[in-house]
Amino acid sequence: MPPWKVIYPNVDFTLSCYSKACTPSHPILVDITYALANHLKKKDIRFGWIPGHARITGNELADTAARSATGSSERFPIPHSDLKACFRQKLQSVWQSNWDQQTENKLHSVMPVLAPTVPSSSNRREQVIWTRLHLGHTRLTHSHLLFGEPPPYCEICNVSLSVKYILCVCPHSNHLRHRLFNSVDFIISSILNNSTNSSLVFKFINIKGFIHHI
């Protein structure tokens, strides 16, 4: 007999959990790993994927055995990691539901869907700029409040400056918007809620000369 045993799961997740690049950390997977190691001592365990519900005899028997366990009166402890995922999902749902009612909050139009938006690949300075653009509070648009000065205006349009006006409205930036974003008609949330746009946003405000005034 060959010095190995082959296990054929029909779920890609199983294979990914037991791949060489991934050490199983889920408590149930750890228990399965130890059970396999003890049962198949001195055997090299290999995995191979097979399609599910394909009338493969061994696979059908395994499915039947798995379903029979669902009616068992025996109760198994739920790993904390599984509970954390459920709690996180529930809290996110409640948070989003409450946020949906805050339509008068000026930040709601910028970020209607609560989700991480700071680019993970950015450096600290870029993260600060990205956050300030989301809040709509920058040195360029709000520093006058600290110094008791008049609010800044667009020198060409004679309109009060805001993050929304700079990124989405000022007609003199339409050519640059079209070149970078392939559009001149969009709302601020469509730009700032997509972290993949961050490099284009940074390029836009850099070309406009605002990068050091955010």
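Here the residue index of a chain counts from 1 through its sequence in written order. Predicted model: local features are reported for residues with pLDDT of at least 70 only, side-chain atom pairs are reported and counted for 80 or more only, and whole-chain, interface and lining totals are derived from all residues. Hydrogens are left out, water is left out, and the side-chain values use all remaining heavy atoms of the structure.

### Some words on the overall build of the protein
Then, number 1: Only DSSP runs of H or I covering at least 4 residues are called helices, and only runs of E covering at least 2 are called strands; the numbering of each starts at the N terminus. Looking only at helices and strands, one finds 10 helices and 2 strands in the protein.
Then, number 2: Secondary structure elements in the protein, listed N-terminal to C-terminal, are β-α-α-β-α-α-α-α-α-α-α-α.
Then, number 3: Per-residue burial for the protein yields a buried fraction of 26% across its 214 residues.
Then, number 4: Across the protein, the fraction of contacts at a sequence separation of at least 24, relative to all contacts at a separation of at least 6, is 52%. Type-normalised accessible area, obtained with a 1.4 Å probe on protein chains alone, sets the label of each residue: buried when under 20%, exposed when over 50%, and partly exposed for intermediate values. Contacts were defined at the residue level, with two residues in contact if any of their heavy atoms lie within 4.5 Å.

### Observations regarding unusual backbone geometry
Then, number 1: Positive phi values are uncommon outside glycine, yet Asn158 reaches one of about 55 degrees.
Then, number 2: Taking the relative accessible area as the measure of exposure, Asn158 reaches 60% and is therefore exposed.

### Examining the confidence of the model for the protein
Parts of the model with low pLDDT should not have their predicted coordinates read in detail.
Then, number 1: As a per-residue quantity, pLDDT reports the predictor's confidence and falls between 0 and 100. Overall, the predicted model of the protein reaches an average pLDDT of 80, with 79% of residues at or above 70.
Then, number 2: Of all helices and strands in the protein, the one with the weakest mean pLDDT is helix 1 (residues 12-17) (56), whereas helix 6 (residues 139-147) scores best (93).

### Considerations on the packing of aromatic side chains
The description of two aromatic rings rests on the distance between their centres and on the angle between their planes.
Then, number 1: Between rings of Phe, Tyr and Trp, where Trp is taken as its six-membered ring, a pair exists when centres lie within 6.5 Å; planes separated by under 30 degrees are stacked, by over 60 edge-to-face, and by other angles tilted. Applying the stated criterion across every chain yields a total of 2 aromatic pairs.
Then, number 2: With 5.9 Å between their ring centres and 70 degrees between their planes, Trp130 and Phe202 make a pair best called edge-to-face. Of this pair, Trp130 sits in helix 5 (residues 124-135) while Phe202 sits in helix 10 (residues 198-207), and the two are 72 residues apart along the sequence.
Then, number 3: The buried category is assigned to Trp130, whose relative accessible area is 0%.
Then, number 4: Ring plane angle 50 degrees and centroid distance 6.4 Å describe the contact between Phe181 and Phe204, whose orientation is recorded as tilted. With a gap of 23 residues between them, Phe181 in helix 8 (residues 174-181) and Phe204 in helix 10 connect regions that are remote in the sequence.
Then, number 5: Judged by relative accessible area, which is 17%, Phe181 ranks as buried.
Then, number 6: Looking at Phe204, the relative accessible area reads 1%, which means it is buried.

### A look at the environment of Asp100
Then, number 1: Summarising the element assignment, Asp100 is placed in helix 4 (residues 80-100).
Then, number 2: According to the relative accessible area criterion, Asp100 is partly exposed, its value standing at 40%.
Then, number 3: As for Asp100 and Val113, which are separated by 13 residues in sequence, their C-alpha atoms are 8.3 Å apart.
Then, number 4: Setting aside anything within four residues of it in sequence, one finds Asp100 in contact with His108 and Pro112.

### Topic: a nonpolar patch on the surface
Then, number 1: A cluster of nonpolar side chains, contributed by Ile78, Leu83, Phe87 and Leu91, occupies part of the molecular surface with about 420 Å² of accessible area.
Then, number 2: Residue placement: Leu91 occurs in helix 4.
Then, number 3: Accessibility expressed as a relative area gives 59% for Leu91, which makes it exposed. Patch construction takes residues with relative accessible area above 30% that form no salt bridge. Like charges are linked within 9 Å, and nonpolar side chains (Val, Leu, Ile, Met, Phe, Trp, Tyr) are linked within 5 Å. Accessible surface area values rest on a Shrake-Rupley calculation with a 1.4 Å probe, where residue burial reflects the displayed protein chains alone. Criterion for a salt bridge: a side-chain nitrogen of Lys or Arg within 4 Å of a carboxyl oxygen of Asp or Glu.

### Comments concerning helix 6
Helical periodicity: at 3.6 residues per turn, an α-helix aligns residues three or four positions apart in one direction.
Then, number 1: Taken as a whole, helix 6 has its buried residues at Leu140, Thr141 and His144. Summarising the axial view, the buried residues of helix 6 lie within an arc of 140 degrees, below the 170-degree limit, and thus occupy one face. Residues of helix 6 that are exposed and angled more than 90 degrees away from the buried face: Leu145 and Leu146.
Then, number 2: Considering only its buried residues, helix 6 is in contact with helix 7 (163-169).
Then, number 3: Two residues or fewer after helix 6 comes Gly148, characterised by a positive phi angle close to 65 degrees. Think of it as the arc spanned by the lines of direction from the helix axis to the C-beta atoms.

### Quick look at the nonpolar core
Then, number 1: For this analysis, a nonpolar core means a set of buried residues of the types Ala, Val, Leu, Ile, Met, Phe, Trp, Tyr and Cys, connected via side-chain atoms within 4.5 Å. Leu133, Leu167, Leu192, Phe204 and Ile205 are the most contacted members of the largest nonpolar core, which totals 27 residues.
Then, number 2: Elements that contribute at least two residues to this core include exactly helix 5, helix 7, helix 8, helix 9 (188-192) and helix 10.
Then, number 3: In this view, Leu167 contacts Arg177, Phe186, Ile188, Ile191, Leu192, Val201, Phe204 and Ile205; residues no more than four positions away in its chain are not counted.

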